[in-house]
Every structure is written in C-alpha cells, then in structure tokens.
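Residue strings, one per chain:
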Protein chains: 2
Amino acid sequence: MPRIAYLGPEGTFTEQAVRQLLTDVASAELVPAESVAAALDAVRSGERDAACVPIENSVEGSVTSTMDALADGAPLVAVAETMLPVRFDILVRPGVRAEDVRTVTSHPHALAQVRRWLSVHLPEAAQSATTSTSAAAVAVRDGNADAAVCAPLAAERYGLDVLAGQVADVEDAVTRFLLVRRPGEVPAPTGADRTTVVVVTGDSVGSLARVLNEFALRGVNLTRIESRPIKGSFGEYRFFLDFGGHVGEAHVGEALAALRRHCQDVRFLGSFPRADEGGSSGSDEAFTDAAAWLADIRSGGRA
Amino acid sequence: MPRIAYLGPEGTFTEQAVRQLLTDVASAELVPAESVAAALDAVRSGERDAACVPIENSVEGSVTSTMDALADGAPLVAVAETMLPVRFDILVRPGVRAEDVRTVTSHPHALAQVRRWLSVHLPEAAQSATTSTSAAAVAVRDGNADAAVCAPLAAERYGLDVLAGQVADVEDAVTRFLLVRRPGEVPAPTGADRTTVVVVTGDSVGSLARVLNEFALRGVNLTRIESRPIKGSFGEYRFFLDFGGHVGEAHVGEALAALRRHCQDVRFLGSFPRADEGGSSGSDEAFTDAAAWLADIRSGGRA
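What counts, and at which threshold
Residues numbered from 1 in each chain as written. Chains lettered and ligands numbered in written order. Predicted model: local features only at pLDDT ≥ 70, side-chain atom pairs only at ≥ 80, totals over all residues. Heavy atoms only, no water. UniProt positions renumbered as here; feature names shortened; annotations may be inferred. Pairing = 2+ DSSP bridges. Helix = DSSP H or I, 4+ residues; strand = E, 2+ residues; numbered from the N terminus. Axes fitted to C-alpha atoms, helices over the stretch in contact; angles between N-to-C directions. Contact = heavy atoms within 4.5 Å. Phe/Tyr/Trp six-rings, centres within 6.5 Å; stacked < 30°, edge-to-face > 60°. Buried < 20%, exposed > 50% of the residue type's maximum accessible area, 1.4 Å probe, protein only. Domains from an automatic or database assignment. Least-squares fit on C-alpha atoms with pLDDT ≥ 70 in both. Buried area = accessible area lost by both parts, 1.4 Å probe. Salt bridge = Lys/Arg side-chain N within 4 Å of Asp/Glu carboxyl O. Polar contact = N/O pair within 3.5 Å; in protein donor to acceptor, adjacent residues only side chain to side chain. Parallel < 35°, antiparallel > 145°, perpendicular 65-115°, else oblique. Nonpolar A, V, L, I, M, F, W, Y, C, P; charged D, E, K, R; others polar. Core = buried A, V, L, I, M, F, W, Y, C linked by side-chain atoms within 4.5 Å. Left-handed = near helix turned anticlockwise from the far one by under 90°.

Looking at an unreviewed UniProt entry, one finds chain A named Prephenate dehydratase, with Allokutzneria multivorans as its source organism. Under the Pathway (unreviewed entry) heading, UniProt states for chain A: "Amino-acid biosynthesis; L-phenylalanine biosynthesis; phenylpyruvate from prephenate: step 1/1."

*Asks:* How should I be thinking about the sheet that holds strand β7 (residues 126-129) of chain A in this particular structure?
*Replies:* In a beta sheet, neighbouring strands are held together by backbone hydrogen bonds and run either parallel or antiparallel to one another. Residue and element names in this part refer to chain A. Spatially, the five strands line up as an open sheet ordered β7-β6-β8-β5-β9, and their pairing is mixed. Only two strands of the sheet have a single partner each, and these edge strands are β7 and β9 (161-167). This sheet shows a mean twist of 25° between the axes of neighbouring strands, independent of strand direction. Looking at chain direction, strand β5 (residues 88-92) and strand β8 (residues 147-150) are connected through four bridges and run antiparallel. Across the sheet, the residue bridging to Ile-90 is Val-149, located in β8. Packing of helix α6 (residues 133-141) onto the sheet brings it into contact with β5, β6 (103-106) and β8, and relative to β8 it is tilted by some 160°.

*Asks:* Mind showing me how you'd approach the packing of aromatic side chains here?
*Replies:* Working definition: an aromatic ring pair is given by the centre-to-centre distance plus the angle between the planes. Residue and element names in this part refer to chain B. The tally for this structure, following the rule as stated, stands at four aromatic pairs over all chains. Both rings, one in Phe-13 and one in Phe-88, keep their centres 5.4 Å apart while their planes meet at 90°; by these two values the pair is edge-to-face. Of this pair, Phe-13 sits in helix α1 (residues 13-21) while Phe-88 sits in strand β5 (residues 88-92); the two residues are 75 residues apart in sequence, bridging distant segments of the chain. Taken as a pair, Phe-13 and Phe-88 share a single burial class, namely buried.

*Asks:* Would you explain the sheet that holds strand β7 (residues 126-129) of chain B in this entry?
*Replies:* All names here are of chain B. As summarised here, the arrangement of the five strands in space is β7-β6-β8-β5-β9, forming an open sheet in which the pairing is mixed. Each edge of the sheet is formed by a strand with only one pairing partner; in this case those strands are β7 and β9 (161-167). Pairs of neighbouring strands in the sheet enclose a mean axial angle of 25°, with direction left out of account. Where β5 meets β9, four bridges bridge the pair, whose relative direction is antiparallel.

*Asks:* Teacher, can you tell me more about the domain arrangement of chain A here?
*Replies:* The accessible area lost on association of the parts is a frequent measure of interface size. When cut into domains, chain A gives domain 1 (1-85 + 170-184), domain 2 (88-167) and domain 3 (186-303). For domain 2 of chain A and domain 3 of chain A, the distance between their C-alpha centroids amounts to 43 Å.

*Asks:* I tried to follow the relation of the copies chain B and chain A on my own but got confused; where do I start?
*Replies:* Both copies of the chain are tied together by a single rotation about an axis and a shift running along it. Of the transformation superimposing chain B on chain A, the axial component is 0.0 Å and the angular component is 180°, with the fit at an RMSD of 0.0 Å. The relationship between the two copies is best expressed as a two-fold rotation axis. In terms of C-alpha distance to the rotation axis, chain B has Glu-226 of chain B as its closest residue, with the C-alpha 2.2 Å off the axis. The residues that chain B uses at the interface reappear at the interface of chain A in 100% of cases, marking a shared surface.

*Asks:* I tried to follow the interface of chain B and chain A on my own but got confused; where do I start?
*Replies:* Across the boundary between the two partners, chain B contributes 42 residues, which contact 42 residues of chain A. Between chain B and chain A, a total of about 3,200 Å² is buried, with carbon and sulfur atoms accounting for 60% of that surface. Across the pair Arg-115 of chain B and Glu-34 of chain A runs a salt bridge, and its minimum N-O distance is 3.5 Å. On inspection of chain B and its partner chain A, the count reaches eight residue pairs in polar contact (both at pLDDT 80 or more).

*Asks:* For this particular structure, what's the right way to read the pairing of strand β4 (residues 77-85) of chain A?
*Replies:* Residues and elements named next belong to chain A. For β4, the tally of buried residues reaches eight of nine residues, placing the bulk of the element in the interior. The sheet contact formed by β4 and strand β10 (residues 174-181) spans eight bridges and is antiparallel. Looking at β10, one finds that Ala-78 is bridged to Val-180.

*Asks:* What exactly am I supposed to notice about the packing of helix α9 (residues 250-262) of chain B against helix α10 (residues 284-298) of chain B here?
*Replies:* When two helices pack together, you describe them by how their axes are tilted relative to each other and by the distance separating the axes. Residue and element names in this part refer to chain B. Between α9 and α10, the shortest axis-to-axis distance is 7 Å and the interhelical angle comes to 80°. Between α9 and α10, the angle falls in the class roughly perpendicular. In contact with Ala-250, His-251 and Glu-254 of α9, α10 contributes Asp-284, Phe-287 and Thr-288. For the contact of α9 with α10, a count of residues per class yields two nonpolar, two polar and two charged.

*Asks:* Mind showing me how you'd approach the pattern of salt bridges here?
*Replies:* Opposite charge on two side chains lets them pair, provided their charged atoms get close. Residue and element names in this part refer to chain A. In this structure the tally under the stated criterion is 50 salt bridges over all chains. When the shortest N-O distance is used, the salt bridge between Arg-44 and Asp-41 registers 3.1 Å. On the criterion of helical spacing, the pair formed by Arg-44 and Asp-41 is a turn pair, its members being three residues apart in helix α2 (residues 36-44). Relative accessible area serves as the criterion here: at 19%, Arg-44 is assigned to the buried category. Among the residues examined, Asp-41 registers a relative accessible area of 41% and is labelled partly exposed. Put simply, Glu-254 and Arg-218 hold a salt bridge, and the shortest N to O gap is 2.8 Å. Here Glu-254 is found in helix α9 (residues 250-262), whereas its partner Arg-218 is found in the loop between α8 (207-217) and β12 (222-229), with 36 residues between them in sequence. Look at Arg-218 and you get buried, because its relative accessible area is 12%. Through salt bridges with shared partners, a single network forms among Glu-56, Glu-81, Arg-176, Arg-194, Arg-224, Glu-226, Asp-242, Arg-274 and Asp-276.

*Asks:* Just to check I follow, could you spell out the nonpolar core for this structure?
*Replies:* A general feature of soluble globular proteins is that nonpolar side chains tend to end up buried together. Residue and element names in this part refer to chain A. Ranked by internal contacts, the top residues of the largest apolar core, which has 35 residues, are Ile-4, Cys-52, Ile-90, Trp-117, Val-149 and Leu-179. Considering every element that reaches this core, the biggest residue donor is helix α1 (residues 13-21), with four residues. The residues touching Ile-90, leaving out its near neighbours within four places in the chain, are Trp-117, Leu-122, Ala-147, Ala-148, Val-149, Asp-161, Val-162, Leu-163, Ala-164 and Val-167.

*Asks:* Mind showing me how you'd approach the environment of Val-205 of chain A here?
*Replies:* Tracing the backbone through its elements, the reader meets Val-205 of chain A in the loop between β11 (193-200) and α8. According to the relative accessible area criterion, Val-205 of chain A is partly exposed, its value standing at 38%. Apart from the residues lying within four places of it in its own chain, the contact partners of Val-205 of chain A are Ala-216, Gly-219, Val-220 and Asn-221 of chain B.

*Asks:* Is there a simple way to think about the packing of α8 of chain A against helix α8 (residues 207-217) of chain B in this case?
*Replies:* α8 of chain B packs onto α8 of chain A with a crossing angle of 145° between their chain directions and a minimal axis gap of 9 Å. Every pair of crossing elements has a handedness; the one defined by α8 of chain A and α8 of chain B is left-handed. Residues Leu-208, Ala-209, Leu-212, Asn-213 and Ala-216 of chain A of α8 of chain A form the contact with α8 of chain B, whose own contacting residues are Leu-208, Ala-209, Leu-212, Asn-213 and Ala-216 of chain B. Looking at side-chain class alone, the contact of α8 of chain A with α8 of chain B contains eight nonpolar, two polar and no charged residues.

Structural data, given as structure tokens:
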C-alpha cells in the first residue's frame, strides 16, 4: 500500500487535493505532515512514496516554502498536478444560526480571502486565528469559536453544519497542487503537459533573456516565472519556470539541453499532464520532421 | 502633519519599516490599516499621504496581495524602500523563564520561520496562532499564552521581556517594504536606484523574452521577476519586474519606451534609492554620449 504524505493537518484543501490526485485513493495510506519541508523530506528518505504539496496561490501553506524545498536537497520530481477553486465553507455546530455567531476563526490567509464576505454577513463577529483551516473546525466543534472558515472536506470530518458554502471574495481564484516523487519514470506525454524546472543563470546582464529566448525560438510557451533569492539572501537568484510541453518532446528537450549548456545549474522538477485547459506548446512534428531530414542528409540521402 | 498608513496592527515589522523609511518620523502621524488593500486605498482616496507595505518575503502580510493591490485600481508609485532582517524576539511576561513556558503563539508564518528554534528551545510548548505578531504579544500580556514570537518593536510596546532575541531559522532572510504615494514628483536619481513596473505582454510565445531582450540590449539588470495571474485566473498573466536604474536615466527610459511600444500595458510603479548594495545597472554615460553624437550629426555636425 503506497504511503502518501501531504501538508496537514487532516481536512484541509491539501487533503482534498491528494484525494483528487490519486487514481486509487482507497488503496493508499494518506499521512499528514506538519510542513511542506517535512512532507518532501519523508519522500526523500523513502519513508513515504509520494507527497502532495501546494505550489501556487495557496491558502494553507506558504508557497515559496514549497519552491525552496523542491530546489534544495535531494532531487524530487512532480508527476501530477491538480487545481482546486479557492472557495470556503463557513461551518458552525449543528443548529447554530448566523445571528448566534459571535466569533469566527481560521488561518489568517483564509480569513483574508473571505474578508469582504465576513464584513457583509457576519459584521459583528470577532475574528481569531488558527494554524490551519482544520484547526478552526476543531475550535468550533469544541465550542471555542462559533464559526470556522474551512475547506469543504471539513464539515463532514468534524461533524459541523454548513452555514454558507462556496464563499470567496475573488470568484475564480484557484490553488494548484503537485504530487511529488523520487526521480524514476517520467509520466508519458499526453499532448497537454506542463514541465517545471529551476535554473541558476549566473548574474550577468541578459542571462535570463537568453534562457527565455531558447524557449521562444522553439515555440515553448511559459506559464509561470518567478525569481527567488537563494538561501534567503537578495544577492543571488534562481528562477522557477513552468511551460507547456513534455521533456520527451523534441522541441522541449532541445530547449532544456540549451539551458543545460549555458546556465550554472538546471534542475528538472517534472513533466506531467496539465490540470488546466492549456495544451502543450510548440509543434513537435516540425522538430521530428527536421531531425529525420537531418539524419537523411547525414547518411548521404536527399539534400 | 503627513498621515502615513501602514499594514497594522501596531508593533509589527511593518511599523518598524515605516519608522525606518521616514526621515522625520516625529512629525508624521502613523495610522495602522487592517490590510494592504485598505492602506493603499486610503492613499488613493487622499485620506492618507503615503502607505508602507511589505512587498517581498514578508512575515506578516501576504506579498502577492500587495502586488495585486498595486497593479489594480488608481496608479500609485513607490518612492522609497527598506529591508529588515527576518529575526524575531521571543517575548514573555516579566520574570517568566524558559522552563515556565507551556504555550507559544504568533502568526502562522512567524511560527513557521522559527520552527527549528522552537523545537530545540521550547520543545514541550503547545503552539497556537494569532492574526499578527502583535496580537501574539497582546495574548502574552493578557495571560492567554506564555511566549510570543514577535517583531523587536513589540517588547517595549507591550511591556514584555525578551526571553531570546534575534531568533531565525534562516540566517540571512530579509523582508523588503515600500513607501507608496500618489503619482507626483519622482525621487532624484542617486546612481544606485531600483525601478519597478508591471507589464501585460499579451500571450504570444516569446512576448516575455522580447521584454527581457529590451532590458538586456541596454545593460539593464533585472533584480526580480514574477508572473501573477490577472484577476485570480490562471489564463492571463502579468509580470512584475524590478531592475537596477532610474526612469530618469537615458538607457532605462529607452527600455521602458520600448516596452510601451510592444506590450499591451505597462504600469510604472516607481524609481527610488536601493536599500541593498546593488548599484544602478547599465552605463548611462554611453547613452548620453551617443545621444549627443546623434544630435550633432542631425544638425550637420561631424559624422
């Protein structure tokens, strides 16, 4: 039975994400970890087989901590992604009505993301913080607060009622999660994949432009870019790049090989099917055609 | 008396930053705001004269919320920046010793950033969350927790003792803050400035590479880049770019004008003296020399 770590505690958006990511969740053992770093280190050590962590626009965990934890330490690769809408359930003990709610609690990020809703619907409720959305559900269950801002999973898990569902100040916000393993087999290309890498370009002027030119020349479309200081210092940077395409495709492979030639360091963080509607980028057919043509003339065939 | 908003509450790192940013803090009225968006909107409406908000690697506020709040709504510009080391004081009521501490509290981000220290020095203490580091100090003062993880300002403000000072798991982490005003006079170039913009490139392949080439061609050195989905959607993106140099310099101005020509949208977010050691980038002298040469030959002078 595979053992899968996820950013805990139980009942958060990350548990919801891991349940969505696994094809056979019934046959897996899900184990909450106390931090992103702990979840990833448990995979590195072999204690867990995979880990589910938030990577973009998260409510629970700090996403920069995920990026740093993937870039440092023994290599890991993402093999799948999923996206969840950032919508909360407002949970109360059974029978409690809106007019009974004197206190509302959650992780500060979750409170911030429903600030407008709370100001309209629970304007008198005093707000307090918890370390996670699940801890908020526990606080309400135990009578330490009247309402909790939670992931949808939490109502059933903690025996609470939904006072209001699908609450979000920003309508279409989503959080993206990755399923991460030790390096091994790369998932097969599907025609609609995403690849993610982290590169250290060196600090000469134009070094990042050169990287992006290698992508642009081959029709590879970036979907995300972010610079992060290395080791907390603002002096040296690395770049996290996501783009459409799969490492197994000729044009993507050629772009990555070019990066390998002129960057100080390139770490491959995975190729996997995209959870959104974007396709792969670039035309691999043109590249395979050209490679066949080149092989042909090299072997003395048509010029 | 100028009225300056900052991300509150009182006694946090952002208050420390605003005190460091103002040359004559005694003659200013500092007013805490409940969110980054509220602080910036108070400047937009004219209710406040400036706002201090975290922009990079923050402990208190979500930094993406600052980026989004600067990119949307009426234009604002940064006129100064400052950096603070991410180091915490562990505060207790006077007389309380480490062995007396049963509970420790703070904002979840602050707890996360001293996780290792707590596991060594206060391994038995139960952790709970607050909405800010200052709220943690209040909780300790009021006897609701034994120790608080706080900004250095908080000890004196809330009458607490420092159990341990300068605590940080990551030695050299810093948070960067901006002082933001309504558009008006741009601070004079100092020779060591930073400029910040947000651009919408359009979604053709290579559009970001083209932007970075305009910088590279003129020797302008990026110090930060980050893509952010527009309006919470992952479909369309804008890019936040920081680079060495000042809008008043010829080579920086020429690069910005090039962006204006081929981006869908460019918003100038300010040029101001750098708080770190990096200088301006590129050589403005070569550009002013070339401009003089061009003017000369246009007027029939030497070719």
